[in-house]
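Tertiary structure, described
The chain contents come next:
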Amino acid sequence: MDHRTKRVAIVGAGTSGVAACKHLLARGFRPVVFDAGASVGGQWTRTLASTRLQSPHVAYRFSDFPWPDSVDWYPRHDQVVDYLAAYARRFAVDERVRFRSTVLAAEFVGDDAADGWERWNGNGEAFGDGSGAWRLTVHHDDTDTTQVYEFDFLILCIGRFSGVPNIPAFPPAGGPDVFRGRVIHSMEFSDMDDADAAALVKGKRVVVVGSGKSAFDIAAECAEANGVEQPCTMICRSPRWLLHDTNVWGKVDIGYIYFTRFAELMVRKPGAGVASNLLATFLSPLGWLISKLTEAYYKKEIQMEEHGMSPEYGLSKSLSSCLIGMLPERFYDKVKEGSVVIKRSAKSFTFRDDGLVLDDDGGSGGERVVQADLVILATGFRGDEKLRRMFASRRVRDIVVGSPETAAPLYRECVHPRVPQMAVIGYSESATNIQTCEMLAKWVARLLDGAFRLPPVRRMEASVAEWGRYMRRSAGEEHFRRSCLGGVGIWYSDELCRDMGCDPRRKKGLLAEWFQPYGAVDYADIQ
């Protein structure tokens, strides 16, 4: 039986979902895509009015699909949605999507012998011996019906930054229930229509809790709505590196500093061998010096130190743990004028009837109370729990996202060595997520097409463990579960290329190969 007649399901029609569908269609498959939304675009269709790409459009693109000439340098969220929709139309992806269809549960049906397999799925091939299948329970909103489908392979493209909000734990009598105002998560705020979101914050004492990109964006929007008359208060525990521009010293793109083969020579890469690690150790002082000079530039140009928002860790670690973003326009000008008030809190906080109580006194010698009408928790998401909830089987739930001590144990950040006929795209983070998603989409499409087989289970598990040690070492104990590829993106793509039988060296000329940043276009001829 021709494997192209196999039934393939994709869950999610965001960036990774449309890429996966496109490359499967190119190889003759006819996948079915389920998405809970009404259009392609994933989280880009549910975001703040002011949200823009955090990188120039030339760096955020599919390899074979350029942006239109009229797009902004940092595209607005609606322009990103239009780009993804145009991509879906161009490659007939939209014809394969069943919108307003929520996958309630996924269950593998077949021989559950994964613990005894020497090769993944029994033989290292995508469809194994053909006896197993994934049973999906799907609710269709348009007809208000729930149906069960069976597929031979399942691709999860559900992302990490949506669905299950990360809500801080509070002591008894110190949680949101004692607060007279309203408490929402940033997910709820982002899901609102622009007009409803603006009306919600207008004229209110808004407190935003968080230190990531979404917290800054929400605080900036509140400041635009209320000005200095009703300033927005931002409660921040650990400041992050948020940059005003990707050009360092006004003319050198940060990609030339951190995202080249030469830059990765200074990093101990997982699976690279003893000689590579010795070279990385030898070059580490140079890497330290480059990062310190870059940090000095940004600290001079951005008023972070003036407002007590200088990060506690270096820029290099921020990149290797994917804890970096772009500042909203004129953010610190808003702080200076008083429309945004930043309060640092090294510990936790609790609620009271009229606002928040910060557990530390900030050096003032007394209790700090922040009065509020509305509190927005920009405290992130539980991507691991979102992935876990997809599965009906307790066994799969328990193993697929690892443990508190380990990141999700996915080989090549994509397949679990002991979960058959399933791939995950878009769970790991990188400097340019769209490029990583597209590379994995190509890798999965070739795997399903029989172009290569996966190695023995034990070898995959050894690779997973080695990458886990790298992520713990590079990102630190607090952030390693983000599964960030930021510091080794080229090396990661090299491994995917080698699996697919492609030359990992993509540039023309020695200097370009070592000193130019890599981007999606470099991999355009891999289909």
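As annotated in an unreviewed UniProt entry, the protein chain carries the name Flavin-containing monooxygenase and is attributed to Oryza sativa subsp. indica. UniProt lists a comment for the protein chain under the heading Cofactor (unreviewed entry), and it reads "FAD". Here is the UniProt Sequence similarities (unreviewed entry) comment for the protein chain, exactly as written: "Belongs to the FMO family."

1. Concerning the overall build of the protein chain
Helix and strand counts for the protein chain come out as 16 helices and 20 strands. In terms of overall size, the protein chain behaves like a compact globule, its C-alpha atoms giving a radius of gyration of 23 Å where 527 residues would be expected to give roughly 24 Å. Oriented by its inertia axes, the alpha-carbon framework of the protein chain measures out at about 70 × 60 × 45 Å. The buried share of the protein chain, taken over its 527 residues, is 55%. Excluding contacts between residues fewer than 6 apart, the proportion of contacts in the protein chain whose partners are at least 24 apart in sequence is 72%. As displayed, the protein chain has an accessible area near 22800 Å², and 51% of this comes from carbon and sulfur atoms. Side-chain charges of the protein chain comprise 66 positive and 68 negative groups, with the mean position of each set lying 4 Å from the other.

2. Section: the state of the cysteines
As enumerated under the stated definition, the model contains 1 disulfide in all. A sulfur-sulfur distance of 2.0 Å marks the disulfide that ties C322 to C484. The chirality of the disulfide connecting C322 with C484 is right-handed, given an S-S dihedral of about 75°. One end of the pair, C322, is in the loop between α9 (315-320) and β14 (324-326); the other, C484, is in the loop between α14 (457-475) and α15 (489-500), and 162 residues separate them in sequence. Like C484, C322 is buried. Here C236 stays free of any disulfide, with the sulfur of C232 as its closest cysteine sulfur at 13 Å. C236 gets classed as buried once you look at its relative accessible area, which sits at 0%.

3. Notes on the sheet that holds strand β17 (residues 355-358)
A sheet is described by the order of its strands in space; here 3 strands give the open sequence β16-β17-β18, paired in antiparallel fashion. Strand pairing shows two members of the sheet lacking a second neighbour, β16 (349-352) and β18 (368-371), which therefore form its edges. The average angle at which neighbouring strand axes cross in this sheet is 30°, direction not considered. As paired strands, β17 and β18 are joined by 4 bridges and run antiparallel to one another. By the bridge assignment, V357 is partnered in β18 with V369.

About the cut-offs
- Here the residue numbering is sequential within each chain, running from 1 through the sequence in written order.
- Residues qualify for local features only when their pLDDT is at least 70, as the model is predicted, and side-chain atom pairs are given and counted only at 80 or more; totals for whole chains, interfaces and linings, by contrast, use all residues.
- Excluded from the side-chain calculation are hydrogens and water; included are all heavy atoms of the structure.
- UniProt positions are given in the numbering used here, feature names are shortened, and annotations may be inferred rather than shown by experiment.
- For helices the rule is a DSSP run of H or I covering at least 4 residues; for strands it is a run of E covering at least 2, with both sets numbered from the N terminus onward.
- Put simply, the radius of gyration uses C-alpha atoms, and a globule should come to 2.2 Å times the residue count raised to 0.38.
- Exposed residues in this analysis have more than 50% of their type's maximum accessible area, buried residues have under 20%, and partly exposed residues fall in between, with area computed by a 1.4 Å probe over protein chains only.
- Note on contacts: a residue pair is in contact if any heavy atoms of the two residues lie within 4.5 Å.
- For the accessible areas, the method is Shrake-Rupley and the probe is 1.4 Å, while residue cover comes only from the protein chains on display.
- Within this scheme the basic residues Lys and Arg register as positive and the acidic residues Asp and Glu register as negative, but His and the chain ends are omitted.
- The location of each charge is read from NZ of Lys, CZ of Arg, CG of Asp or CD of Glu.
- Any cysteine sulfur atom paired with another within 2.5 Å is treated as part of a disulfide.
- Strands were regarded as paired on the criterion that DSSP finds at least two bridges between them.
- Every angle, taken between N-to-C directions, lies between 0 and 180 degrees, and every axis is a line fitted to C-alpha atoms, over only the stretch in contact when it is a helix.

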